[in-house]
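So you can see what is in the structure, the chains are spelled out below.
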Amino acid sequence: MELTVVVPSRDEEQNVAELVRRLNDALRGWDAEILYVDDSTDGTMAAVAAEATFSTLPLRMHHRFEPGGQASAVAEGLMFARGEVVAVLDADLSHPPEMIPVLVDTLRARSLDLVVGSRDTGTAETPHADRLSQDAVTALSRLLLPGTAVTGCSDPASGLFAVHRSSVHLDRLTARGRRLLLEILATHDLVVDEVPWTPEAPVAPARERVQPLRQLVGLALRGGPRGTAIEPSALALA
C-alpha cells in the first residue's frame, strides 16, 4: 500500500465525518488508508465505524483501552500502518486534510525521509500565543539538542508530517509527551524538509502549548538515541 494516514484522536466524535470526507476527496485515486488511533470515551468509535461503511478509502480503528498520550498514539499508528509512507494529522481539523497529498508528493519529489507541515506563523491570522509558543520551542530545541535534525526545523512540534515508515526506528522512541515528531527528529539522522501552511484553528490551550517545551527538556536530559521498546496497548483493530 502507498500511504497510511494516521489520525490520533481523543473525543473527536463531531469531527469524524468531515475529516474522513475531506481525506477521501484529497486522496481520490491514491492507494491509501485511514487509521484512527483512538483514546476516546465518547462516540468516536461508533462514528468511525459508521463512516467506514461509506468511505472510499479503507478506514480502520485502533482503539486503545489504556490511553498513553498523543505521541504514543502516533507511534502505535506507525506500528500498525500498512502504507510505505505514513502521514499524520490531528483529528480536530486543525490540520487541513488537503495538505496530506502535498506533503507526500514533496517527500517523493525531493527524495526526503520526512517532510514537516510547518505552521507559517508570519501571517496576520496566526494567534499571537501560537507564534510565541512555536518560537519558544524552536529556540529551545536549538539550545538543548544541537547537532540533531530538530535544530534544522522551524516547527519541530508540528503534528502534521509525512515520513517513510522504514526511516523510523521505533526502538529508539519512548513516545512520551504530545508530539512524536520532536523525538523522531532528535533520535534519527534524516533528510528533512518543510512545507508551510497557515493555521486557521483557535489558539491551543495553554497546557498543550507548554507540553512540547517539557518534552524537549526531557529529550535533552535523556541523551543518546535509544528509547525503550514501544508495546501496543490493548486494542480493537478493525
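Remember, it's a predicted structure, so these values are computed and weren't measured experimentally.

A. Main features of helix H2 (residues 44-52). Among the residues of H2, those classed as buried are Thr 44, Ala 47 and Val 48. Seen from one end, H2 has its buried residues packed into an arc of 100°, which puts them on one side. On its buried face, H2 sits against strand S1 (3-9), helix H1 (16-26), strand S2 (32-38) and strand S3 (59-64).

B. Structural detail: unusual backbone geometry. Notably, Leu 93 is not glycine yet its phi reads approximately 70°, a positive angle. Residue position: Leu 93 is located in the loop between strand S4 (85-88) and helix H4 (99-109). At Ser 111, a position not held by glycine, the phi torsion is positive, near 55°. Looking at the element boundaries, Ser 111 is found in the loop between H4 and strand S5 (114-119). Accessibility expressed as a relative area gives 60% for Ser 111, which makes it exposed.

C. Just the environment of Val 104, in detail. By the secondary structure assignment, Val 104 is in helix H4. On a C-alpha basis, the gap between Val 104 and Val 163 in space is 8.1 Å, while along the polypeptide they are 59 residues apart. Excluding residues within four positions of it along the chain, Val 104 makes contact with Leu 3, Trp 30, Val 85 and Ala 162.

What counts and how
- By convention here, each chain's residues receive numbers from 1 onward along its written sequence.
- The predicted nature of this model means local features are confined to residues of pLDDT at least 70 and side-chain atom pairs, given and counted, to a pLDDT of 80 or more, with totals for whole chains, interfaces and linings taken over all residues.
- Hydrogens and water are ignored here; the side-chain numbers use all heavy atoms of the structure.
- The classification of residues rests on relative accessible area computed with a 1.4 Å probe and restricted to protein chains. Under 20% of the type maximum is buried, over 50% is exposed, and intermediate values are partly exposed.
- A run of H or I in DSSP becomes a helix once it reaches four residues, and a run of E becomes a strand once it reaches two; helices and strands are each numbered from the N terminus.
- Think of the arc as the fan of directions from the helix axis to the C-beta atoms.
- Contacts were defined at the residue level, with two residues in contact if any of their heavy atoms lie within 4.5 Å.

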